[in-house]
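# Report on the structure
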Amino acid sequence: EGDFPNAEVVRMVAGLLQKTNDPGAAAKAVCQKAIETGSRDNITCIVVMLDGQGQDTSKKNFEFSPGPLTEQALEHKGFMDAYEAMAKRAGMTLAQAVELRYEAVAGMIEGSTPAKAGQLREELSAIGAPAGTKGSSKRAAWFRNWAEKLPERLKSDGPDNDILRALMAQGVLGS
């Protein structure tokens, strides 16, 4: 989805690497551009430097920029399982990832076109109205409670995907 073709992604990454030589910053910029150009799907970008020079391979460093959470996504078990798995890879809980997304969306509203601001407000509404202020323990508790209640909203995405998830949980298939 969106309007960000692969050729444009490659040009963007090449230009950023020439300027900064920072693959992480290039990957983050690609994700941001994908969101700005209307992607409504999970967005993941990895920039791989094949020359191996100047890269410390002993550290794993993840930056998680959670993607959109529409009303439909919040009811889709497969989507939310994947969302939670990506958050865990970055060392976060689902509650922390959703809180991060909520704060990011709230910050994007100002300066958006009226149409985009409307979409962003719909996303905030789908998540809910958290208690407390940004960064407070009260807000973190609200999001933990939100994540605990999420299974009540979820709908199965079909028996085939339920079987795949069960196999992955047993370690039969890679996750």
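Residues numbered from 1 in each chain as written. Predicted model: local features only at pLDDT ≥ 70, side-chain atom pairs only at ≥ 80, totals over all residues. Heavy atoms only, no water.

## Describing the packing of helix H3 (residues 77-89) against helix H4 (residues 94-109)
- Put simply, H3 and H4 touch, their axes get as near as 8 Å, and they point 95° apart. When the axes of H3 and H4 are compared, the pair comes out roughly perpendicular. Residues Met80, Tyr83, Glu84 and Ala87 of H3 pack against Leu94, Ala97, Val98 and Arg101 of H4.
- Taken together, the residues of the contact of H3 with H4 sort by class into 6 nonpolar, no polar and 2 charged. (Axes fitted to C-alpha atoms, helices over the stretch in contact; angles between N-to-C directions. Helix = DSSP H or I, 4+ residues; strand = E, 2+ residues; numbered from the N terminus. Parallel < 35°, antiparallel > 145°, perpendicular 65-115°, else oblique. Contact = heavy atoms within 4.5 Å. Nonpolar A, V, L, I, M, F, W, Y, C, P; charged D, E, K, R; others polar.)

## Quick look at the packing of H4 against helix H6 (residues 137-149)
- Where H4 contacts H6, the axes come no closer than 8 Å and their chain directions differ by 120°. For the element pair H4 / H6, the angle class is oblique. Both H4 and H6 take part in a crossing whose hand is right-handed. Judged by residue contacts, Leu94, Ala95, Val98, Glu99, Tyr102 and Glu103 of H4 engage Arg139, Ala140, Phe143, Arg144, Trp146 and Ala147 from H6.
- Of the residues belonging to the contact of H4 with H6, the class tally is 8 nonpolar, no polar and 4 charged. (Left-handed = near helix turned anticlockwise from the far one by under 90°.)

## Here's the deal with the nonpolar core
- One finds Leu69, Met80, Val98, Ile127 and Trp146 to be the most contacted residues of the largest nonpolar core, which totals 24 residues.
- The set of elements that each furnish at least two residues to this core consists of H3, H4, helix H5 (114-127) and H6.
- Among the elements that make up this core, the one with the highest residue count is H4 (7 residues).
- With near-sequence residues (within four places) excluded, Leu69 lies in contact with Leu74, Phe79, Met80, Tyr83, Val98, Arg101, Glu123, Ala126 and Ile127.
- With 12 residues, the next largest nonpolar core counts Phe4, Val9, Val13 and Cys31 among its residues. (Core = buried A, V, L, I, M, F, W, Y, C linked by side-chain atoms within 4.5 Å. Buried < 20%, exposed > 50% of the residue type's maximum accessible area, 1.4 Å probe, protein only.)

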